[in-house]
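# Analysis of the macromolecular model
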Amino acid sequence: MALGIDIGGANTKVASSDGRVAETIYLPLWKGAPLVEELSRIAERFKPERVGVVMTGELADSFPDKRGGVRAIKKSVEAAFSESIIRYVDVNGVLTDGSRLDELSLAAANWCASARLVAEEFEECIFVDMGSTTTDIIPVVSGTPVAHRTDLQRLLYSELVYTGMLRTSIATLQDHVHLRGRRAGLASEYFANTADLNLVKGLITAEEYTCETPDGGGKDLPSAERRLARMLCADLEELDRGEIREVVEELHHAQVERISRAITSVAEEHSLSQIVACGIGEAVIAEAATIAELEVTLLSEVYGEKVSRVFPAYAAARLME
């Protein structure tokens with residue numbers, strides 16, 4: 001078996017090259033999650049012959065800097081698997097054994113594996129992957145990913161939007177909503193997140209609410225509505241369900257518009273007209289593509305929904321073949 005592992009700050013994703021294994025494990029590194037133990041369980045369960053690793057978790061604030069984060073993650077991987085079977089994907093989409101390299105070449109490189117695989121089939125496109133926390137927007141020109149190589153550079157060029165389906169604070173989507181004929185400011189607090197928004201919107205199920213809730217409460221619909229009401233310093237006695245749904249629609253549209261603006265910027269810069277979308281936010285990407293008047297292909301229709309949700313891990317496994 002060739003196994004791909006994508007180690008993020010919040011989630012670790014695992015996929016096999018044949019797509020039969022496709023799993024997401026909530027593992028918040030900033031809280032000292034037991035990465036070595038979880039990777040060891042993965043090694044024991046699947047007994048892979050080859051392991052391809054990509055990462056973004058080096059940015060977790062439990063590490064002093066990116067270089068230290070990469071070293072810590074590599075150490076965890078190498079404690080769980082035999083070093084002889086491990087390869088890392090660097091920011092150029094190249095497999096390396098990790099023995100002689102600059103650690104920063106592995107930082108935030110999970111999109112590189114995905115874009116390299118997508119570029120084999122879609123020579124001219126924008127690859128967009130919306131996960132729990134961020135949205136990657138990667139231009140592919142003449143069969144080659146041409147995105148910038150660091151998160152900072154990609155933020156500067158609209159190739160990375162720090163908004164996702166689950167963990168994004170509602171206060172970052174916009175600072176107000178329209179309610180009862182007035183403009184109401186939103187509390188700048190972590191009262192609710194986009195998992196609450198998307199649960200009420202119907203874009204995720206309670207089982208897909210895989211991160212922690214902001215208040216430590218339930219992942220059911222009333223709990224999500226209660227947290228969203230707090231964004232307006234209210235509760236469910238002050239706001240009825242219809243008003244909550246109005247707020248949800250406005251905030252959802254704000255997130256879609258933000259992604260659409262970034263996609264449009266990248267499309268215009270590289271003269272591209274097709275979106276290739278994956279991740280748990282495929283539906284949101286499709287909406288953003290429609291606003292941007294661009295064609296969209298969903299990788300869930302090509303590889304299946306489970307693989308689409310862990311595509312960087314799947315791409316790393318495919319590269320190992």
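Nothing here was measured: the structure is a model prediction, and the numbers come from that model.

Parameters and conventions
- Residues numbered from 1 in each chain as written.
- Predicted model: local features only at pLDDT ≥ 70, side-chain atom pairs only at ≥ 80, totals over all residues.
- Heavy atoms only, no water.
- Helix = DSSP H or I, 4+ residues; strand = E, 2+ residues; numbered from the N terminus.
- Rg over C-alpha atoms; globule rule 2.2 N^0.38 Å.
- Contact = heavy atoms within 4.5 Å.
- Expected span 1.5 Å × (residues − 1).
- Buried < 20%, exposed > 50% of the residue type's maximum accessible area, 1.4 Å probe, protein only.
- Arc of directions from axis to C-beta.
- Polar contact = N/O pair within 3.5 Å; in protein donor to acceptor, adjacent residues only side chain to side chain.
- Pairing = 2+ DSSP bridges.
- Right-handed = clockwise from strand over helix to strand, strands pointing away.
- Axes fitted to C-alpha atoms, helices over the stretch in contact; angles between N-to-C directions.
- Phe/Tyr/Trp six-rings, centres within 6.5 Å; stacked < 30°, edge-to-face > 60°.

## Here we look at the overall build of the protein chain
Within the protein chain, the secondary structure is distributed over 11 helices and 14 strands. In summary, the protein chain has a C-alpha radius of gyration of 20 Å against a globular reference of 20 Å for 321 residues, a match within 12%. Taken over the C-alpha atoms alone, the protein chain extends approximately 65 × 45 × 35 Å along its principal axes. Relative to all contacts within the protein chain whose residues are 6 or more apart in sequence, the contacts with residues 24 or more apart total 61%.

## Structural notes on helix α2 (residues 66–80)
Between its first and last C-alpha, α2 extends 21 Å over 15 residues, near the 21 Å set by a 1.5 Å rise per residue. Buried within α2 we find Gly 69, Val 70, Ile 73, Lys 74, Ser 76, Val 77 and Ala 80. Along the axis of α2, the buried residues cluster in a sector spanning 160 degrees; they form a single face. More than 90 degrees from the buried face of α2, the exposed residues found are Lys 75 and Ala 79. One side-chain oxygen of the residue at the start of α2 lies 3.4 Å from the amide nitrogen of Arg 67, identifying that residue as Asp 65.

## What to know about the pairing of strand β4 (residues 50–55)
With five of six residues buried, β4 lies mostly within the body of the structure. As judged from the six bridges shared by strand β1 (residues 2–7) and β4, these two strands associate in the parallel manner. Counterpart to Ala 2 in the pairing with β4 is Arg 50. Where β4 and strand β5 (residues 86–89) come together, three bridges link them in parallel fashion. Counted as the bridge partner of Gly 52 is Arg 87 from β5. With α2 bridging β4 and the parallel β5, this β-α-β connection has right-handed handedness.

## Concerning the sheet that holds β4
Here we have six strands laid out as an open sheet, ordered β3-β2-β1-β4-β5-β6, and mixed in their pairing. Strands at the two margins of the open sheet, each flanked by one partner only, are β3 (22–26) and β6 (95–96). Contacts from helix α11 (residues 311–320) reach β1, β2 (11–16), β4, β5 and β6 within the one sheet, and its direction differs from that of β1 by about 140 degrees.

## Some points on the environment of Val 36
Positionally, Val 36 belongs in helix α1 (residues 35–46). As a C-alpha pair, Val 36 and Gln 174 span 138 residues in sequence and 38 Å in three-dimensional space. Discounting chain neighbours no more than four positions away, the residues touching Val 36 are Ser 76, Ala 79 and Ala 80.

## What to know about the packing of aromatic side chains
For the coordinates displayed, the defined rule picks out four aromatic pairs. Each ring, one from Tyr 303 and one from Phe 311, has its centre 5.4 Å from the other, and the planes form 55 degrees; the classification is tilted. The partly exposed category is assigned to Tyr 303, whose relative accessible area is 25%.

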